Amino acid sequence: MYDDAVPGQDANVYHLRQKCLPTYLVIDASSSMQPHENTLNQTLTQLHATISESPRVSEFAHMSLIAFSTDAHLIIEMTDLDRIQAMPEVVCNGLTNYSAAFDLVRSRIETDVDDLRSMGMAVLRPVMFLLTDGAPTDKGWHDAFRRLVNRSWPRYPHVISYGFGAANPDVLGKVATKAAFLAEAGTDQDHALLQALGSLLNSLVASSRAGEMQIPRSAPGFTEQPVSEEYLTVSAEYMD
């Protein structure tokens, strides 16, 4: 059922609405990413250019960019990327605070879903793509992640994680609900960034064509990691 369907109204009305996939790109911008800061920003610029040149994708997958280190920062509010002239630059420094990132995503989902609904869109379940090159430095990240993906919260998102550098494969599987990927041994970290964002882009293109989220089943240069069985339940694409 569509997330904003009103009892008693013709369900066909909602099929006429523009579908929207709220997409959160959450990037580790801690100090370990400093050597790769230029590559990160260049890759984000390329991602923006590619999506902006594909109206079908940008209209379907509205995107928000969040960078986290010691704190989490909203770099781009949820929008059709075609409306953004240029991507802001991400600056890398500080610790790797997963909790701050997860809590910010949760609060933004509450705001963004309401805003998208007010625009008359049929809102799909949000998706969060997490890119990280290290292990969390905060002790409360387990609880923060559980709050984000708790099934008792109707707006819980799908979560897909990509790890490279010193990322912990066990942690990657615990901060994902649908798929987790770790860069193959020996992969240059700059190259891994390009491949991760390429996989994300391919997923969004496929999703826009299908009209629903298409979970990546593989990622070039990455190996799939086991995802915690706690979250491997079937999720409705539309929120109740």
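Residues numbered from 1 in each chain as written. Predicted model: local features only at pLDDT ≥ 70, side-chain atom pairs only at ≥ 80, totals over all residues. Heavy atoms only, no water.

Caption draft 1: Representation of the nonpolar core within the structure. Judged by nonpolar contacts, the single largest core of 41 residues is most densely connected at Leu25, Leu44, Phe129, Leu131, Ile160, Tyr162 and Leu204. Put simply, the parts of the chain that give this core at least two residues each are β2 (23-28), α2 (37-52), α3 (55-60), β3 (63-68), β6 (127-132), β7 (158-163), β8 (179-183) and α7 (189-210). Considering every element that reaches this core, the biggest residue donor is α7, with seven residues. Listed in part, the 30 residues of the second largest apolar core include Cys20, Ala100, Ala101 and Val149. (Core = buried A, V, L, I, M, F, W, Y, C linked by side-chain atoms within 4.5 Å. Buried < 20%, exposed > 50% of the residue type's maximum accessible area, 1.4 Å probe, protein only. Helix = DSSP H or I, 4+ residues; strand = E, 2+ residues; numbered from the N terminus.)

Caption draft 2: Molecular detail of the confidence of the model for the protein. Across the protein, the average pLDDT comes to 90, with 89% of residues at 70 or higher. With pLDDT under 50 throughout, residues 1-14 is counted as low confidence; its partners more than four residues away or in other chains account for 22 contacts. (pLDDT = per-residue confidence, 0-100. Contact = heavy atoms within 4.5 Å.)

Caption draft 3: Looking closely at the packing of aromatic side chains. Evaluated as defined, the whole model comprises six aromatic pairs. With a centroid separation of 5.7 Å and an interplanar angle of 85°, the aromatic rings of Phe68 and Tyr98 are classed as edge-to-face. Of this pair, Phe68 sits in strand β3 while Tyr98 sits in helix α4 (residues 98-118); the two residues are 30 residues apart in sequence, bridging distant segments of the chain. The same class applies to Phe68 and to Tyr98, which are both buried. Ring geometry for Tyr162 and Phe181: centres 5.3 Å apart, planes at 25°, overall stacked. One end of the pair, Tyr162, is in strand β7; the other, Phe181, is in strand β8, and 19 residues separate them in sequence. In terms of burial, Tyr162 and Phe181 fall into one category: buried. An aromatic cluster is present here, built from Phe68, Tyr98, Phe102, Trp141 and Phe145 joined pairwise through their rings. We note Arg125 situated over the ring of Tyr156; from NZ or CZ to the ring centre the distance is 4.0 Å. (Phe/Tyr/Trp six-rings, centres within 6.5 Å; stacked < 30°, edge-to-face > 60°. Lys NZ or Arg CZ within 6 Å of the ring centre and 35° of its normal.)

Caption draft 4: Region of the structure containing α2. For α2, which comprises 16 residues, the first-to-last C-alpha distance of 22 Å matches the rise-based estimate of 22 Å (1.5 Å per residue) to within 8%. Along α2, the residues classified as buried are Glu37, Thr39, Leu40, Asn41, Thr43, Leu44, Leu47, His48, Ile51 and Ser52. (Expected span 1.5 Å × (residues − 1).)

Caption draft 5: Expanded view of the packing of α4 against helix α5 (residues 141-149). Between α4 and α5, whose axes approach to 8 Å, the crossing angle comes to 15°. With respect to α5, the element α4 is oriented roughly parallel. Where α4 crosses over α5, the handedness of that crossing is left-handed. On α5, the residues touching Tyr98, Ser99, Phe102, Asp103, Val105, Arg106 and Ile109 of α4 are Trp141, Ala144, Phe145, Arg147 and Leu148. (Axes fitted to C-alpha atoms, helices over the stretch in contact; angles between N-to-C directions. Parallel < 35°, antiparallel > 145°, perpendicular 65-115°, else oblique. Left-handed = near helix turned anticlockwise from the far one by under 90°.)

Caption draft 6: Quick peek at the pattern of salt bridges. The final tally for this structure, using the stated rule, is six salt bridges. Put simply, Arg155 and Asp114 hold a salt bridge, and the shortest N to O gap is 2.7 Å. In this pair, Arg155 sits in the loop between α5 and β7 while Asp114 sits in helix α4, placing the two residues 41 residues apart along the sequence. In this structure, Lys174 and Asp170 form a salt bridge, with 3.1 Å as the shortest nitrogen-oxygen distance. Of the two residues, Lys174 and Asp170 both sit in helix α6 (residues 169-174), four residues apart, roughly one turn of that helix. A residue is classified by how much of its surface remains accessible, and Asp170, at 47% relative accessible area, is partly exposed. If you follow the salt bridges from partner to partner, you end up with Glu110, Asp114 and Arg155 in one network. (Salt bridge = Lys/Arg side-chain N within 4 Å of Asp/Glu carboxyl O.)

Caption draft 7: Main features of the sheet that holds β3. On the basis of which strands lie adjacent, the open sheet formed by seven strands has the order β4-β3-β2-β6-β7-β8-β9 and mixed pairing. At either margin of the open sheet sits one strand with a lone partner, and together these are β4 (72-79) and β9 (222-225). Across the sheet, the axes of successive neighbouring strands diverge by a mean angle of 15°, strand direction being ignored. When β6 meets β7, the two strands line up parallel, connected through six bridges. If you follow Phe129 over to β7, its bridge partner there is Ile160. Sheet strands touched by α2: β2 and β3. Its angle to β2, the strand with the most contacts, is close to 165°. (Pairing = 2+ DSSP bridges.)

Caption draft 8: Up close: the side chain of Ser199. Along the chain, the position of Ser199 falls in helix α7. On the accessibility criterion, Ser199 (5% relative accessible area) is buried. In this structure the side chain of Ser199 is engaged in a polar contact, spanning 2.6 Å, whose partner is the side chain of Tyr162. Ignoring sequence-local partners within four residues, the contact set of Ser199 consists of Tyr162, Pro216, Ser218 and Ala219. (Polar contact = N/O pair within 3.5 Å; in protein donor to acceptor, adjacent residues only side chain to side chain.)

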